[in-house]
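Chain and residue survey
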There are 2 protein chains.
Amino acid sequence: MISPSDHAALLSRARSFLEERRPRIEARLDQLIPRETDPPERLHAAIRWSLFAGGKRFRPTLLLAVGETLGAREADLLTTACAFELIHTYSLIHDDLPAMDDDELRRGRPTCHVRFDEATAILAGDALQTLAFKAIAEDEALEHTTRVRLIAELARAAGTPHGMVAGQAFDLASEGRAISEAELRRIHRSKTGALIVGAARCGAIIAGARSLETITRYGEMLGLLFQITDDLLDATATAHDLGKTPGKDLRAQKATYVTLYGIDGARQRALEAYAEACAALDQSDFDADLLRGLACLVLDRRA
Amino acid sequence: MISPSDHAALLSRARSFLEERRPRIEARLDQLIPRETDPPERLHAAIRWSLFAGGKRFRPTLLLAVGETLGAREADLLTTACAFELIHTYSLIHDDLPAMDDDELRRGRPTCHVRFDEATAILAGDALQTLAFKAIAEDEALEHTTRVRLIAELARAAGTPHGMVAGQAFDLASEGRAISEAELRRIHRSKTGALIVGAARCGAIIAGARSLETITRYGEMLGLLFQITDDLLDATATAHDLGKTPGKDLRAQKATYVTLYGIDGARQRALEAYAEACAALDQSDFDADLLRGLACLVLDRRA
């Protein structure tokens, strides 16, 4: 296990990385999306409303961290990193729709369909997904073979039967009934895990890694950790901290790590996932402190 | 202009092509989509409900026709052809949602959100879009450079600012107010035209065409023709012929070629678009009769 002083050092390194990379992620995202002044203006305004709402940029940061750790240049990583954020943002817009989670607040602001309208929110999500694939296809920094591999990886992570959309469908099917931990794991492995694992793997692919095994295992545990801390925050945080309505999972009778194990049990499982994410890196032949630091960051997250 | 006997011969050739290729398009579509027995079953059932609902497969047929006319092998064209159908089907599912056109009937059957539920329909559309890009990225028949070019082309045709989703947004913005022919052209150039032009261009790209100019112009006029005949059918056909609720455009106060010019005026414009599609092919150095036949088919369509 990592000592408290090591933990603090790793955390500080990951925080610096996050803060330093963030403006460049924002700048590239801005380049990938049409202006608000380009027609159709309302669609582009809706896309930008949701994309530039103060998100943490966790997935692109993870992709950059894995890629740079394995020797890739930031310039080669940045567009694919942003493509993951575009997919993530589309999923948030569609999740928030009345027919899905019916959320009115996200990152402290009205959700896309509340600020604009439902039809525009559906289209904004649709367009963001298209823009994600377009971004990688048009990324001149990368070889064509690499672009194809990244697009296939992103599509598998975002789609069905093992990706994010499949996870949403599993989640819908579980509402209002008791589910086992195995089912809960399956939901989250696809719903949130697949995109996080995909981001980590794409970082390694761009770096030309020979094997994706270590990074995949790390990504899986990081994704699990991310989901458990998400469930904990939904159960314990205030709307102000969270920027969205807390306690929604409970009211929707959604199975979460908290409804299954209680607060303390979920905290214990978060620590285990954190330890496993770090353990996956112990067999690596590269300096993995930045990736350990990211795991610390997720374990400690407050929003 | 084309004489009536030539018209009949061209039509017959295009009909044979359509009927012969269709089972192979269906078979490839089937391969590209998870089984209904694969979890999440409800999502896959919803995707298949909408995808195998007796659609005409116009876009994949067009891609095959252009590609084969220019010398490509069907085996190299089929997956990309189907990717266009996946995108088209996703757009129909999302268009039919209550927040969009609120349609309950499509191809003579309940729409996806009526047969299943709204959340599942949103996800089914999302997953179909992902599957389209995945299909091309994983198409081993094609070089990586070609796959990248096709994905970029499909993304531009499907997305924003010039593609299908942009067209939907323009359409939303035009509801309930008078618009000019220029505005109507802009809506349809992106809403239905872009995907039709994209399918034609992708056929030419796979065939290794040196210039896309002729095919692009043909696709533009064919797309316009398709939209005008769509508007005519909405205004004149019965629900039985159409398999969906007719007269919806008028009730929704949508601007169409019929609301703008009346039935006879729209018919005149359809003939002009047909003539321009054929004229675009007159400068070609290949046998374009199959493509002329497809234009005849669209002019004569009854559903």
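The present account deals with the structure reproduced in this document. Worth saying up front: this structure is predicted, and the values here are computed from it rather than measured.

The rules behind each value
Residues numbered from 1 in each chain as written. Chains lettered and ligands numbered in written order. Predicted model: local features only at pLDDT ≥ 70, side-chain atom pairs only at ≥ 80, totals over all residues. Heavy atoms only, no water. Helix = DSSP H or I, 4+ residues; strand = E, 2+ residues; numbered from the N terminus. Rg over C-alpha atoms; globule rule 2.2 N^0.38 Å. Buried < 20%, exposed > 50% of the residue type's maximum accessible area, 1.4 Å probe, protein only. Contact = heavy atoms within 4.5 Å. Areas by Shrake-Rupley, 256 points an atom, 1.4 Å probe, with all protein chains shown as cover. Lys, Arg positive; Asp, Glu negative; His and termini not counted. Charge placed at Lys NZ, Arg CZ, Asp CG, Glu CD. Least-squares fit on C-alpha atoms with pLDDT ≥ 70 in both. Polar contact = N/O pair within 3.5 Å; in protein donor to acceptor, adjacent residues only side chain to side chain. Salt bridge = Lys/Arg side-chain N within 4 Å of Asp/Glu carboxyl O. Expected span 1.5 Å × (residues − 1). Buried area = accessible area lost by both parts, 1.4 Å probe. Nonpolar A, V, L, I, M, F, W, Y, C, P; charged D, E, K, R; others polar. Phe/Tyr/Trp six-rings, centres within 6.5 Å; stacked < 30°, edge-to-face > 60°. Lys NZ or Arg CZ within 6 Å of the ring centre and 35° of its normal. Axes fitted to C-alpha atoms, helices over the stretch in contact; angles between N-to-C directions. Parallel < 35°, antiparallel > 145°, perpendicular 65-115°, else oblique. Left-handed = near helix turned anticlockwise from the far one by under 90°.

Structural notes on the overall build of chain A
The number of helices and strands found in chain A is 14 helices and two strands. Taken against the 2.2 N^0.38 rule, which gives 19 Å for 303 residues, the C-alpha radius of gyration of chain A at 18 Å falls within 12% of a compact globule. With respect to the three principal axes, the spread of C-alpha positions in chain A is 50 × 50 × 35 Å. Here chain A holds 303 residues, and the buried ones make up 60% of them. Counting contacts in chain A only where the partners sit at least 6 residues apart, residues at least 24 apart contribute 71% of the total. Of the accessible surface of chain A, which amounts to about 11,700 Å², a share of 48% is contributed by carbon and sulfur atoms. Each charge class in chain A was averaged separately, 38 positive and 45 negative side chains, and the resulting centres sit 0 Å apart.

What about the relation of the copies chain B and chain A?
In screw terms, the move from chain B to chain A is a rotation of 180° and a rise of 0.0 Å along the axis, fitting with an RMSD of 0.0 Å. Considering both components of the superposition, the chain copies are consistent with a two-fold axis. Of the C-alpha atoms belonging to chain B, the one lying closest to the rotation axis is found on His 144 of chain B, 2.8 Å away. Here 100% of the contact residues of chain B are again contact residues in chain A; the copies associate through an equivalent surface.

Side note on the side chain of Gln 129 of chain B
Positionally, Gln 129 of chain B belongs in helix H6 (residues 118–137). Leaving out residues up to four positions away in the same chain, Gln 129 of chain B has contacts with Asp 126, Gln 129 and Thr 130 of chain A together with Ile 87 and Tyr 90 of chain B.

Let's talk about the environment of Leu 128 of chain A
Residue and element names in this part refer to chain A. Relative to the assigned elements, Leu 128 resides in helix H6 (residues 118–137). Look at Leu 128 and you get buried, because its relative accessible area is 0%. Apart from the residues within four sequence positions on either side, Leu 128 is in contact with Ile 33, Ile 47, Leu 86, Thr 89, Tyr 90 and Ile 93.

Here we look at the side chain of Ser 284 of chain B
Among the structural elements, Ser 284 of chain B can be located in the loop between helix H13 (257–282) and helix H14 (289–299). Within the local environment of Ser 284 of chain B, its side chain forms a polar contact with the backbone oxygen of Leu 281 of chain B, the two atoms lying 2.6 Å apart.

Brief notes about helix H14 (residues 289–299) of chain A
Of all eleven residues that make up H14 of chain A, ten are buried, and the element is covered over most of its length. Among the residues of H14 of chain A, those classed as buried are Leu 290, Leu 291, Arg 292, Gly 293, Leu 294, Ala 295, Cys 296, Leu 297, Val 298 and Leu 299 of chain A.

Digging into the pattern of salt bridges
Pairs can form between side chains of opposite charge whenever their charged atoms are close. Per the counting criterion, the structure on display carries 51 salt bridges over all chains. A salt bridge links Glu 138 of chain B to Arg 156 of chain A, with the nearest nitrogen and oxygen atoms 2.5 Å apart. Of this pair, Glu 138 of chain B sits in the loop between H6 and helix H7 (144–158) while Arg 156 of chain A sits in helix H7 (residues 144–158), which puts the two residues in different chains. With relative accessibility at 31%, the residue Glu 138 of chain B sits in the partly exposed group. Judged by its relative accessible area of 37%, Arg 156 of chain A is partly exposed. In this structure, Glu 138 of chain B and Lys 134 of chain B form a salt bridge, with 3.5 Å as the shortest nitrogen-oxygen distance. Several salt bridges share partner residues, and in doing so they unite Glu 20, Arg 21, Arg 24, Glu 68 and Glu 74 of chain A into one network.

Examining H7 of chain A
Taking 1.5 Å per residue, 15 residues should reach 21 Å; H7 of chain A reaches 21 Å between its end C-alpha atoms and fits that length. Every buried residue of H7 of chain A is listed here: Thr 146, Arg 147, Val 148, Leu 150, Ile 151, Ala 152, Glu 153, Leu 154, Ala 155, Ala 157 and Ala 158 of chain A. In this structure, the buried side of H7 of chain A is in contact with helix H4 (74–95), H6, helix H8 (164–174) and helix H9 (181–206) of chain A together with H6 and H7 of chain B.

A short note on the interface of chain B and chain A
Taken together, the contacts link 44 residues of chain B with 44 residues of chain A. When chain B packs against chain A, the two sides together hide about 3,700 Å² of surface, and 78% of this comes from carbon and sulfur. In this assembly, chain B and chain A are joined by two salt bridges. Elements supplying a minimum of two residues to the side of chain B that touches chain A: helix H2 (41–51), helix H4 (74–95), H6, H7 and helix H8 (164–174) of chain B. No other element matches H6 of chain B, which puts 13 residues into the side of chain B that touches chain A. The class makeup of the residues in the side of chain B that touches chain A is 27 nonpolar, ten polar and seven charged.

Quick notes on the packing of aromatic side chains
Taken as a whole, this structure holds five aromatic pairs over all chains when the rule is applied. Pairing Trp 49 of chain A with Phe 116 of chain A gives two aromatic rings, centres 6.4 Å apart and planes at 75°, and the pair type is edge-to-face. Note that Trp 49 of chain A is positioned in helix H2 (residues 41–51) and Phe 116 of chain A in the loop between helix H5 (112–115) and H6, a separation of 67 residues in sequence. Residues Trp 49 of chain A and Phe 116 of chain A agree in their burial class; the two are buried. A centroid spacing of 4.8 Å and a plane angle of 20° characterise the contact between Phe 58 of chain B and Phe 226 of chain B, whose relative ring orientation is stacked. You can see Phe 58 of chain B sitting in helix H3 (residues 58–69) and its partner Phe 226 of chain B sitting in helix H10 (residues 213–236), a full 168 residues away along the chain. Between the NZ or CZ atom of Arg 301 of chain B and the centre of the ring of Phe 226 of chain B, over which it lies, the distance is 4.1 Å.

A word on the environment of Gly 198 of chain A
In this fold, Gly 198 of chain A is placed in helix H9. Once the C-alpha coordinates of Gly 198 of chain A and Ile 215 of chain A are considered, the two residues, 17 residues apart in sequence, prove to be 9.9 Å apart.

Remarks on unusual backbone geometry
The omega torsion of the bond from Thr 160 of chain A to Pro 161 of chain A falls at 15°, within 30 degrees of zero and hence cis. The step from Pro 39 of chain B to Pro 40 of chain B runs through a cis peptide bond, and the omega angle for that step is -5°. Structurally, Pro 40 of chain B can be placed in the loop between helix H1 (4–32) and H2. Unlike most non-glycine residues, Arg 57 of chain A shows phi in positive territory, near 60°. Along the chain, Arg 57 of chain A falls in the loop between H2 and helix H3 (58–69). A relative accessible area of 2% places Arg 57 of chain A in the buried class. You will see that Asp 102 of chain A, though not glycine, has its phi angle at about 55°, which is positive. Mapped onto the fold, Asp 102 of chain A is located in the loop between H4 and strand E1 (105–106).

Side note on the packing of H3 of chain B against H10 of chain B
Residues and elements named next belong to chain B. Where H3 contacts H10, the two axes come as close as 13 Å, and the packing angle between them is 155°. What the angle tells us is that H3 and H10 run roughly antiparallel. Two packed elements cross with a definite hand, and for H3 against H10 that hand is right-handed. Here Phe 58, Arg 59, Leu 62 and Val 66 of H3 lie close against H10, whose contacting residues are Ile 215, Tyr 218, Leu 222 and Phe 226. Class assignment for the residues of the contact of H3 with H10 results in seven nonpolar, no polar and one charged.

All we've got here are geometric facts, nothing functional implied.
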